[in-house]
Amino acid sequence: MEHIDEEIARLLLDLGIDKANLNWTTRVTMILAILLVSYIVTKLFRHALIPAVRKITAKTKATWDDYLFNDDMLHSFSRMIPPIIFYLLLPFVFDGYPHVLAILLKACLIYLIVVTLMLIRSFLKSIYEISSEHEALRYRPLKGIYQMVLLLAIAVGIILIISILIDQNAATILAGLGASAAVLMLIFKDSILGLVAGVQLSANDMLRPGDWVTMAKYGADGYVLEVSLTTVKVQNFDKTITTIPPYALVSDSFQNWRGMWENGSRRIKRSLYIDMTTVRFCTGEEVRNYVENGWIEAPEKGGEPMVNLQAYRMYLLAYLQKNPKVNHDMMIMVRQLQPTPEGLPLEVYCFADTIEWLKYEAIQNDLFNHFIAVLPRFGLRVYQHPSGSDLARFWAADNRNV
């Protein structure tokens, strides 16, 4: 720094300007010259160097340099030129006015810190765009981490600005802030918890933008739009937006449907409640009819008599295994559950060969429409509570009997 000052002083002396003997006319002229120099250098950088850099990056095969040396990044870098020129040249204008010079140099340093923070913001934005294009990082919730880095940079910048204004060492200010760490942690509680949660979500690959998540506690059921430092935005299927704190996704449970999308199948899990009074043994003629129609396989001779519910379950299983809209690579099962006062649940468990909601519902409806319609062929009936028409019919039958 001293070597640069000596060179500039020698250059000015060669021009006939002695910084020890300057009048105000010369000072004003030098101030205007400094402003002109900073303006010209900045314009040359923006209109000559930036286009050259853009041409070089456009010729390379890599794409990361297109983001790292984009217009926003280079323009942010050009903003650092004026405060550097001012800081170097102003001491020659105000050599005899130390108080004015000290104020101006402080203003230059603060100006330099502010534009440096803007450069850091542009750099982090470019890094985020690069990671968004990278295959392995595209679906990682990294935005919260970048926001935390920017927040830390701003905090350091504020400390440096305060240290410049009060003429104190930044380390002394940091030591003083250490005593109030509990207050700072309380103020930035959400940001700190969000950072920790973001790291956990990213490291464990628990959540990605675009995932379908369900979290009943917060009324969220839709696609993740954005994962930031303090909020996770979920667009529900009714187009409303639900915001969830990131740490809530780590501390509480939520359902992520990403596995279903990657697999390409969606589960069907629904029960038919059979009226248990209709469960009985099949006659030999009924068994032969079932076998001839290809509904079930022929039972072993000498075995236990076949029950109509057993035959119906075998029919459902065979129907699912032959249905082209059911994914045959996934589990297919028909099972009885614990009897309830509403009947005997017969659960159908399989996977549709699509993840599209409308097609999935159509497949599920077609299956159960068929299952309900074929029940009487096996002498079975679905259980349901008596309705008003049932009670009216019973009442009319009783009156006729009377």
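What counts as what
Residues numbered from 1 in each chain as written. Predicted model: local features only at pLDDT ≥ 70, side-chain atom pairs only at ≥ 80, totals over all residues. Heavy atoms only, no water. Pairing = 2+ DSSP bridges. Helix = DSSP H or I, 4+ residues; strand = E, 2+ residues; numbered from the N terminus. Axes fitted to C-alpha atoms, helices over the stretch in contact; angles between N-to-C directions. Contact = heavy atoms within 4.5 Å. Phe/Tyr/Trp six-rings, centres within 6.5 Å; stacked < 30°, edge-to-face > 60°. Buried < 20%, exposed > 50% of the residue type's maximum accessible area, 1.4 Å probe, protein only. Lys NZ or Arg CZ within 6 Å of the ring centre and 35° of its normal.

Thoughts on the sheet that holds strand β8 (residues 344-352)
In step 1: The three strands are arranged β6-β8-β7 in an open sheet whose pairing can be described as antiparallel. Looking along the sheet, the strands with just one partner apiece sit at the ends: β6 (266-274) and β7 (333-336). Between one strand axis and the next, the sheet turns through 15° on average, direction left out of account.
In step 2: Bridge count for β6 against β8 is nine bridges, and the pairing is antiparallel. Each bridged residue has a counterpart across the sheet, and for Arg-267 the counterpart in β8 is Phe-351.
In step 3: Helix α14 (residues 308-322) rests against β6, β7 and β8 of the sheet, and its axis sits at about 10° to β8.

Details of the packing of aromatic side chains
In step 1: Following the criterion strictly, the structure yields 15 aromatic pairs and no others.
In step 2: Taking the centre distance of 5.8 Å and the plane angle of 70° together, the rings of Trp-295 and Tyr-315 count as edge-to-face. Highlighted residues: Trp-295 in the loop between α13 (284-292) and α14 and Tyr-315 in helix α14, separated in sequence by 20 residues. There is no split in this pair, since Trp-295 and Tyr-315 are both buried.
In step 3: For the ring pair Tyr-315 and Phe-378, a centre distance of 5.6 Å and an interplane angle of 45° mean the geometry is tilted. In this pair, Tyr-315 is assigned in helix α14 and Phe-378 in the loop between α15 (357-374) and α16 (388-401), connecting sequence segments 63 residues apart. Summarising the burial analysis for this pair, Tyr-315 and Phe-378 share the class buried.
In step 4: Among the aromatic residues, those joined into a cluster by ring pairs are Tyr-290, Trp-295, Tyr-312, Tyr-315, Tyr-319, Phe-368, Phe-371 and Phe-378.
In step 5: When the ring centre of Tyr-360 is taken as reference, the NZ or CZ atom of Arg-266 above it lies at 4.4 Å.

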